[in-house]
Amino acid sequence: MTEDNNIITAADNSSNKAFDSMENIETMGREELEKLLADQDVRQDISLLAAVEQSYLRHRYPAPDTQQMWELFEAQHITPIRERRKYRLRVISAAVLSAAAVLLCLFLFHKSSPDVASEEMTDAPLMAFTRDTTPQVIRFSDEKGHEQVIDELLAKESERVNDLVADFSVPSSVPHDVAQQSDASMVGWKTIRTPRGKVYKVILPDKTQVLMNADSKLTFPDRFEGAERVVKLEGEAFFSVTKDAHHPFIVESEKLRTHVLGTEFNLRAYPNSRPHVTLVTGQVQVDNLENHQTVIMKPGQDVTINAERGFDVSTVDTEYYVQWKEGFFYFDNLPLVEVLKELGRWYNVDIQITDNSLMSYRLHFIADRGANIDQVVNNLNGFSYLSVERRGECIIVSKKIHSSN
């Protein structure tokens, strides 16, 4: 009887350890995670918990309409690029599987049977993401188009600019140019562009802090004057706005105008993608520039523009939208095409898929953005249905062929 009790106690301890690890897995270091997964009982319990959550999420999130996803992707990405005739755009889908040392959590969603619309689509190789061959460096420019890279600016303004942050809330020791000296009332505009694979922090003249994600562009004045504090964003950034009730802070993007007084929010506005405003604290008013609709957001809400150009407002886990600033990929039931676009933007690689039937897959996982591209390729090959190959700066994703034996 004592032996049975010991077995039960050991099982309870293993289960409790598995529950604790799932709750705290994001804070674990590499060594701690490897030690945890070395325990076979705990590993089995974690697998069971993962299966339970997978079943729950399958009920919560219905299988996507592949034809609808294709039409949306074609409208947002293929048609504009065809009009510019710069590239042959191809549609991609893939899944990311991480080894335990790279991914902290992974749950895969897929349809149990193939979609007929998927089979009717072309099987020609299609490109989902195209790399940028220009040097990937932080770039500064003014309204006249004069551009400097970070290394050039460091020599002039090293007391407030480095390769991690640019602080424009402190006075500069650099003399104003001739135009500024001749007209002290003139407000100059600055633009900062982040490269792929790097985040960068900007402190604005009013001490508002902006953490820019990769491949983003922020335009702002060298000082705020007038009734509003206006900046412009293309890409993604997390804003911690300095409160000033008499001077609202305005972020202008391609489709949205976001008004705040003092708050924290994330704005995602990459070209040819649906914009998202995610409110963490405070209150935000978002204006839809396409149809002039307005919505007042509450903390924990996300606003985006739907296919009919109206607003979709939803209550979300804000961690999904802001984990990038903590150094992680965090995808929550996201279509694989969106996941791979994000990976392509971070690693600056071409991504091609040879079988678009994978468009029906969605996934949820957290991953360390510090993992290199070879680790990503290895993780993708961990899926039973994917064959992934790296050829230089191109990642080719195919459907894995299973042997009949």
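Up top is the structure these notes are about.
Now for a look at the structure at hand. None of the values given here were measured: they were computed from a predicted structure.

### Some remarks on the sheet that holds strand E22 (residues 386-391)
No. 1: The strand order across the open sheet built from 4 strands is E2-E20-E23-E22, with neighbouring strands paired in mixed fashion. Because the sheet does not close on itself, it has two edges, and the strands there are strand E2 (126-129) and E22. Across the sheet, the mean angle from the axis of one strand to that of its neighbour is 25 degrees, orientation sign disregarded.
No. 2: Where E2 meets strand E20 (residues 350-353), 3 bridges bridge the pair, whose relative direction is antiparallel. When the bridges of E20 are listed, Phe 129 appears paired with Ile 351.

### Here we look at unusual backbone geometry
No. 1: Positioned with a positive phi, His 292 is a non-glycine residue whose angle comes to about 65 degrees.
No. 2: Tracing the backbone through its elements, the reader meets His 292 in the loop between strand E15 (284-288) and strand E16 (294-297).
No. 3: Phi is positive for Arg 309, which is not a glycine, with a value near 70 degrees.
No. 4: Locating Arg 309 in the fold gives a position in the loop between strand E17 (301-305) and strand E18 (311-315).

### Quick word on helix H10 (residues 373-381)
Residue pairs spaced three or four apart in an α-helix point in one direction, given the helix's 3.6 residues per turn.
No. 1: For H10, the set of buried residues is Ile 373, Val 376, Val 377, Asn 379 and Leu 380. Seen along its axis, H10 keeps its buried residues to an arc of 160 degrees; they face one direction.
No. 2: On its buried face, H10 is in contact with helix H9 (336-347), E22 and strand E23 (394-399).
No. 3: The distance from a side-chain oxygen at the start of H10 to the backbone nitrogen of Asp 374 is 3.1 Å, and the residue carrying that oxygen is Asn 372.

### Observations regarding the packing of aromatic side chains
The geometry of an aromatic ring pair is captured by the separation of the ring centres together with the interplanar angle, meaning the angle of the planes.
No. 1: The final tally for this structure, using the stated rule, is 9 aromatic pairs.
No. 2: With a centroid separation of 5.1 Å and 10 degrees between ring planes, the pair formed by Phe 239 and Phe 265 is classed as stacked. One end of the pair, Phe 239, is in strand E10 (residues 229-240); the other, Phe 265, is in strand E13 (residues 264-269), with 26 residues separating them in the sequence.
No. 3: Residue Phe 239 is classed as buried on the basis of its relative accessible area, which comes to 0%.
No. 4: An aromatic cluster is defined as three or more aromatic residues linked by ring pairs; in this entry it consists of Phe 224, Phe 239, Phe 249 and Phe 265.
No. 5: A cation sits over an aromatic face here: Arg 345 above Tyr 270, 3.7 Å from the ring centre.
No. 6: Its guanidinium or amino end placed over the ring of Phe 329, Arg 369 lies 5.3 Å from that ring's centre, counting from NZ or CZ.

### Concerning the nonpolar core
No. 1: Phe 329, Val 339, Leu 343, Tyr 347, Leu 386, Val 388 and Ile 395 are the most contacted members of the largest nonpolar core, which totals 38 residues.
No. 2: Elements with a minimum of two residues in this core: helix H8 (319-322), strand E19 (328-335), H9, E20, strand E21 (362-368), H10, E22 and E23.
No. 3: It is H9 that provides the largest number of residues to this core, a total of 6 residues.
No. 4: Excluding anything up to four places from it in sequence, Tyr 347 contacts Phe 329, Asp 368, Arg 369, Ala 371, Asn 372, Ile 373 and Val 376.
No. 5: Membership of the second largest hydrophobic core comes to 35 residues, among which are Ile 150, Val 210, Val 286 and Val 295.

### Some remarks on the environment of Val 202
No. 1: By the secondary structure assignment, Val 202 is in strand E7 (residues 200-203).
No. 2: Sequence-wise, Val 202 and Ser 169 are 33 residues apart; in three dimensions their C-alpha atoms are separated by 9.5 Å.
No. 3: Apart from the residues lying within four places of it in its own chain, the contact partners of Val 202 are Ala 166, Phe 168, Ile 192, Thr 208, Gln 209, Val 210, Met 212, Leu 218 and Phe 220.

### So, H9
No. 1: When the terminal C-alpha atoms of H9 are compared, their 16 Å separation across 12 residues agrees well with the 16 Å that a helix rising 1.5 Å per residue should span.
No. 2: Among the 12 residues in H9, 11 count as buried, and that is most of the element.
No. 3: Leu 336, Val 337, Val 339, Leu 340, Lys 341, Glu 342, Leu 343, Gly 344, Arg 345, Trp 346 and Tyr 347 are the residues of H9 that are buried.
No. 4: Once H9 ends, the next one or two residues include Asn 348, with phi positive near 55 degrees.

Cut-offs used in this document
- Residues numbered from 1 in each chain as written.
- Predicted model: local features only at pLDDT ≥ 70, side-chain atom pairs only at ≥ 80, totals over all residues.
- Heavy atoms only, no water.
- Pairing = 2+ DSSP bridges.
- Helix = DSSP H or I, 4+ residues; strand = E, 2+ residues; numbered from the N terminus.
- Axes fitted to C-alpha atoms, helices over the stretch in contact; angles between N-to-C directions.
- Buried < 20%, exposed > 50% of the residue type's maximum accessible area, 1.4 Å probe, protein only.
- Arc of directions from axis to C-beta.
- Contact = heavy atoms within 4.5 Å.
- Polar contact = N/O pair within 3.5 Å; in protein donor to acceptor, adjacent residues only side chain to side chain.
- Phe/Tyr/Trp six-rings, centres within 6.5 Å; stacked < 30°, edge-to-face > 60°.
- Lys NZ or Arg CZ within 6 Å of the ring centre and 35° of its normal.
- Core = buried A, V, L, I, M, F, W, Y, C linked by side-chain atoms within 4.5 Å.
- Expected span 1.5 Å × (residues − 1).

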